[in-house]
Amino acid sequence: MHSYRLFVPQLNYIWKRIVDVLFVRPLQRRKKFSWKTLNHSNATPVYELSTVPFPMPINGVFFSKIVNFWQAGKFRLANSTFFSNKTNDLRHQKMHVVVLEHTPAVFKLETRDGMASGTKKSNSSDDSTGAISTVSQSKTFYYGLEIELLKAIAKAMRFDMVFYETFDADIERWGNVQDNETLTGLLREMHDGRADFALADLHHTQYNLGFMDLSIPYNTECLTFLTPEALSDNSWKTLILPFNREMWTGVMISLFSVGFVFYAFSNTLTFYTASSLKKLQMIPFKRKPEPWHDPLPAYDIFDTFAGCIIYTYSMLLLVSLPRLPNGWPLRVLTGWYWVYCVLVVVAYRASFTAILANPIPRLTIDTLQDLAESPIRCGAWGAQNKLFFQMAQDPYSQAIGAKLEHAPNYNEAVDKVNEGLYAYYENIYILRQLRSTRKSEKARQTLHIMQECAVHMPISIGLEKNSPLKYQVDRHVRALIEGGLTRKWLSEAIERFQSNVELPPQEATIDLKKMYAGFVALGLGYTLALFAFIAEKLYWSYVIETNPAFDKYLHGITFRRRL
């Protein structure tokens, strides 16, 4: 029933949301007094049927829209529709849209004096698109996935858009609930009913549904972490990488033991030969060395222990022997040891070639388990993200939620990630944008996007709480999704930094960095040779030359006399 108490300004917010309603009011006829009217006091009453003037805005005073009249059991006006769909045609009413710059939903471009300060160009400057905001000789253009999506909806429903940002958008962004239960940022605008739509890459969560209505999700984004990446630059030890620890242990044991085996075989064979010749009373002729000559060489190459060690080492390096040993046992042992050396060397060369051809391994964090077990801290915007991880069921997400902290500025957060002690939580599109906008090439290489998605989050457009437009908006959003336009607009929005993906280093390329091991080995050889030379000089100066029997003209004789 019609009552003026329903139409006070304090209750106007109700009739902006409940638009399918009829008010019934009996009309009082004012007629001149006569005996006829006195006798016809039971005249048929007339009732007025009115409704909310939606989509016309209610400016202070509420004026209802008359739909029909009822009298004598019938309607006076024919062909009147009481509950027509008022949201199909909004008759170019202005809808206030609060926006927040966030990739890939909304981008902002400011121009001054007709010159653009960015690279994005607007296709049209018509105010009906609602994509222009003018402030003191400067224009702000908004573009992006959600801007195009809402423009298509506005064209279908015939309404105009007025875009604006909150005064604290740079600081509060989406907004938070303060200790005194007051709201900030975009949430305040939607909760207080100042905006009809909200474009801010809103997550379709119960937290946001407590402050506004959300359309059906038009996209699903991968939310993950931007983590520091470390390159395991172990090029200096490339020479030992082909074999693992157990393989090197086996090679070293065989290398040291085989010299003793050769020496034992050689001594056994020499003893057996000398015994046989003694029985036959055949003494092999050996020339007595003169004092000015070097000692005679050994009877066989493996007769001395030093010869066994040197020749077995050279065989492992595929250096041929000066000659084969005399005894057949030593020849058989030499042949099989050659087979062993060939196998080891071939395996080492193949593994060494593969190491040089492969890219440098990277130490990255690619799963939630790795992130939870790592000592680095985590950051994300807002308390809702922290609450999301704390309420998760798996222990790794709970561990991340325990060390997750509020990160109000994403540029500062990325700088912390670059320092190697932080991980930043956002959607994969903005993480690629943040990585591509780093000035330093080294910073871009050390930023890694975690491969595992923490969650595949549905994204929606925000509407005023209990908005009568939600049904029509959902219908048009569903049609745009089925037509593939949302995917097209998404690819256009991320086109600038879509190519910024992590590419592995080029394989099968040998550069100077991969050959550090060769220079390390050469430098180590130079160092050891220098120390050996210094030690030899010191020994010669303080031991040999101080000997009373030293004669500088007969160095060799003096040395042999000392021995």
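Residues numbered from 1 in each chain as written. Predicted model: local features only at pLDDT ≥ 70, side-chain atom pairs only at ≥ 80, totals over all residues. Heavy atoms only, no water.

Inspection of every chain in the model, using the stated rule, returns one disulfide. Paired by a disulfide, C222 and C453 hold their sulfur atoms 1.8 Å apart. Its S-S torsion of approximately -105 degrees makes the covalent link between C222 and C453 left-handed. Note that C222 is positioned in strand β13 (residues 219-228) and C453 in the loop between β19 (447-449) and β20 (455-463), a separation of 231 residues in sequence. (Disulfide = S-S within 2.5 Å. Helix = DSSP H or I, 4+ residues; strand = E, 2+ residues; numbered from the N terminus.)

All right, on to a nonpolar patch on the surface then. On the surface, W236, L512, M515, Y516, F519 and V520 cluster together into a nonpolar patch covering about 610 Å² of accessible area. In this fold, W236 is placed in the loop between β14 (230-231) and α7 (245-279). (Patch = residues over 30% accessible without salt bridge, like charges linked within 9 Å, V, L, I, M, F, W, Y side chains within 5 Å. Areas by Shrake-Rupley, 256 points an atom, 1.4 Å probe, with all protein chains shown as cover. Salt bridge = Lys/Arg side-chain N within 4 Å of Asp/Glu carboxyl O.)

Bringing the packing of aromatic side chains into the picture now. Applying the stated criterion across every chain yields a total of 24 aromatic pairs. Here the aromatic residues F7, W15, F23 and F62 are joined through ring pairs into a cluster of three or more. (Phe/Tyr/Trp six-rings, centres within 6.5 Å; stacked < 30°, edge-to-face > 60°.)

On to the pattern of salt bridges, then. Considering all chains together, one arrives at twelve salt bridges under this definition. Where R377 meets E405, a salt bridge forms, and the shortest distance between an N and an O atom there is 2.7 Å. One end of the pair, R377, is in strand β16 (residues 377-380); the other, E405, is in strand β17 (residues 404-406), and 28 residues separate them in sequence. Looking at E405, the relative accessible area reads 29%, which means it is partly exposed. (Buried < 20%, exposed > 50% of the residue type's maximum accessible area, 1.4 Å probe, protein only.)

Attention now goes to the packing of helix α8 (residues 305-316) against helix α9 (residues 328-357). At their nearest, the axes of α8 and α9 sit 8 Å apart, and the two run at 45 degrees to each other. With respect to α9, the axis of α8 lies oblique. In this structure, α8 uses T312, M315 and L316 to contact α9, whose residues at the interface are T334, Y337, W338, C341, V344 and V345. Residue composition of the contact of α8 with α9, grouped by class: seven nonpolar, two polar and no charged. (Axes fitted to C-alpha atoms, helices over the stretch in contact; angles between N-to-C directions. Parallel < 35°, antiparallel > 145°, perpendicular 65-115°, else oblique. Contact = heavy atoms within 4.5 Å. Nonpolar A, V, L, I, M, F, W, Y, C, P; charged D, E, K, R; others polar.)

Within the fold, T224 resides in strand β13. Engagement of the side chain of T224 in a polar contact is seen with the backbone oxygen of E452, the distance being 3.1 Å. Setting aside anything within four residues of it in sequence, one finds T224 in contact with Y424, Y425, E426, L431, I449, M450, E452, C453 and A454. (Polar contact = N/O pair within 3.5 Å; in protein donor to acceptor, adjacent residues only side chain to side chain.)

So, on to the nonpolar core. In terms of nonpolar packing, the biggest core is built from 73 residues, with F159, F197, L199, F225 and L469 touching the most fellow members. At seven residues, the largest contribution of residues to this core is made by helix α3 (residues 145-157). Filtering out sequence-adjacent residues up to four positions away, F197 remains in contact with M95, H96, V97, V98, L150, F159, M190, I461, G462, L463, L469 and V473. Counting residues in hydrophobic clusters, the runner-up holds 16 residues, among them L100, W174, L202 and F211. (Core = buried A, V, L, I, M, F, W, Y, C linked by side-chain atoms within 4.5 Å.)

This next bit is on the sheet that holds strand β1 (residues 23-27). One key point about sheets: their strands pair by backbone hydrogen bonds, in either a parallel or an antiparallel sense. One open sheet holds the four strands; their spatial order is β1-β2-β3-β4, and the pairing between them is antiparallel. The strands lining the two open edges of the sheet, one partner per strand, are β1 and β4 (74-75). Bridge count for strand β3 (residues 65-71) against β4 is two bridges, and the pairing is antiparallel. Counterpart to W70 in the pairing with β4 is F75. (Pairing = 2+ DSSP bridges.)

Before going further, it helps to examine unusual backbone geometry. Across the junction of F54 and P55, the peptide omega takes the value 15 degrees, indicating a cis bond. Here P55 is to be found in the loop between β2 (46-51) and β3. Cis geometry is adopted by the peptide bond preceding P104, which originates at T103 and carries an omega value of 0 degrees. Tracing the chain through its elements places P104 in the loop between β5 (93-99) and β6 (107-112). Even without being glycine, R158 reaches a positive phi, approximately 60 degrees. Relative to the elements of secondary structure, R158 occurs in the loop between α3 and β10 (159-164). By relative accessible area, which is 37% here, R158 ends up partly exposed.

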